[in-house]
Amino acid sequence: MLDFSHVDKSRWDYPLSHALKLEREYLLQLGSCLGQCAEKLVCLAIQDARRMAAIRSQSPSGIPKSEWAYFVGAMAPALDHTEMENKGVGCAFDDERSEGSIHMARALRQELEKMKAL
């Protein structure tokens, strides 16, 4: 998630034009939608990691190691970049955060670590 600590919040006290108010509302809606998409991606990734682990436990030759490496190689940097494990999903301009996304991201990280160990 981006860090907006460098944004001068004192400028928010000035009245906005109608067009800027609309733009701000649309951006808040867009941010919310993108956050929901990120949460869904993490949820699906957890399910996929668990599915792959179940297949692997039933048949060690069931999933090639290259698929495991590809999955871990794609998801680990995504978690690193978003910092979802610590910050969750939310808008930088309001203080509400989704605690659920933090727990899901941490669960995904644990699954990825297990996959690396196999």
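All of these numbers come straight from a predicted model, not from anything done at the bench.

Draft legend 1. Highlighting the nonpolar core. In terms of nonpolar packing, the biggest core is built from 19 residues, with M52, F71, M75, L108, L112 and M115 touching the most fellow members. Going through the elements one at a time, α1 (18–58), α2 (65–82) and α4 (99–117) are the ones with two or more residues in this core. For this core, the element with the most residues is α2, which contributes six residues.

Draft legend 2. The packing of α1 against α4, seen in detail. The interhelical angle for the contact between α1 and α4, taken along N-to-C directions, is 30°, at an axis separation of 9 Å. Regarding the angle of α1 to α4, the classification is roughly parallel. Where α1 crosses over α4, the handedness of that crossing is left-handed. Two secondary-structure elements touch here, α1 through E39, V42, C43, A45, I46, A49, R50 and M52 and α4 through S101, M104, A105, A107, L108, E111 and M115. Class assignment for the residues of the contact of α1 with α4 results in 11 nonpolar, one polar and three charged.

Draft legend 3. Geometry of unusual backbone geometry. The backbone phi angle of E83 is positive, close to 55°, even though this residue is not glycine. Position of E83 relative to the elements: it lies in the loop between α2 and α3 (84–87). The exposure class assigned to E83 is partly exposed, which follows from its relative accessible area of 32%.

Draft legend 4. Representation of the side chain of E85 in the model. The topology assignment puts E85 in helix α3. At 2.8 Å, the side chain of E85 and the side chain of R109 are in polar contact. Residues contacting E85, with those up to four places away along its chain left out, are L79, I102, A105, R106 and R109.

Draft legend 5. Quick peek at α4. Look at α4: 28 Å from first C-alpha to last across 19 residues, which is about the 27 Å you get at 1.5 Å a residue. Among all positions of α4, only S101, I102, A105, A107, L108, R109, E111, L112 and M115 are buried.

Draft legend 6. Up close: the packing of aromatic side chains. Here the structure, examined in full by the defined rule, presents zero aromatic pairs. When the ring centre of W68 is taken as reference, the NZ or CZ atom of R56 above it lies at 5.4 Å.

Draft legend 7. Spatial organisation of the packing of α2 against α4. Closest axis-to-axis distance for the α2/α4 pair is 10 Å, and the angle between their directions is 145°. When the axes of α2 and α4 are compared, the crossing they make is left-handed. Within the contact between the two elements, α2 uses W68, F71, V72, M75, A76, L79 and D80 and α4 uses A105, L108, R109, L112, M115 and K116.

Draft legend 8. Inspection of the confidence of the model for the protein at higher detail. When the pLDDT values of the protein are averaged, the result is 81; 81% of them are 70 or greater. Confidence, expressed as mean pLDDT per element, reaches its minimum in the protein at strand β2 (residues 97–98) with 66 and its maximum at α2 with 89.

Draft legend 9. Looking closely at a nonpolar patch on the surface. Among the surface-exposed residues, L27, L30 and L34 lie close enough to one another that they form a single nonpolar patch of about 300 Å² accessible area. One can find L30 in helix α1. Assessed through its relative accessible area of 45%, L30 is described here as partly exposed.

About the thresholds
Residues numbered from 1 in each chain as written. Predicted model: local features only at pLDDT ≥ 70, side-chain atom pairs only at ≥ 80, totals over all residues. Heavy atoms only, no water. Core = buried A, V, L, I, M, F, W, Y, C linked by side-chain atoms within 4.5 Å. Buried < 20%, exposed > 50% of the residue type's maximum accessible area, 1.4 Å probe, protein only. Helix = DSSP H or I, 4+ residues; strand = E, 2+ residues; numbered from the N terminus. Axes fitted to C-alpha atoms, helices over the stretch in contact; angles between N-to-C directions. Parallel < 35°, antiparallel > 145°, perpendicular 65-115°, else oblique. Left-handed = near helix turned anticlockwise from the far one by under 90°. Contact = heavy atoms within 4.5 Å. Nonpolar A, V, L, I, M, F, W, Y, C, P; charged D, E, K, R; others polar. Polar contact = N/O pair within 3.5 Å; in protein donor to acceptor, adjacent residues only side chain to side chain. Expected span 1.5 Å × (residues − 1). Phe/Tyr/Trp six-rings, centres within 6.5 Å; stacked < 30°, edge-to-face > 60°. Lys NZ or Arg CZ within 6 Å of the ring centre and 35° of its normal. pLDDT = per-residue confidence, 0-100. Patch = residues over 30% accessible without salt bridge, like charges linked within 9 Å, V, L, I, M, F, W, Y side chains within 5 Å. Areas by Shrake-Rupley, 256 points an atom, 1.4 Å probe, with all protein chains shown as cover. Salt bridge = Lys/Arg side-chain N within 4 Å of Asp/Glu carboxyl O.

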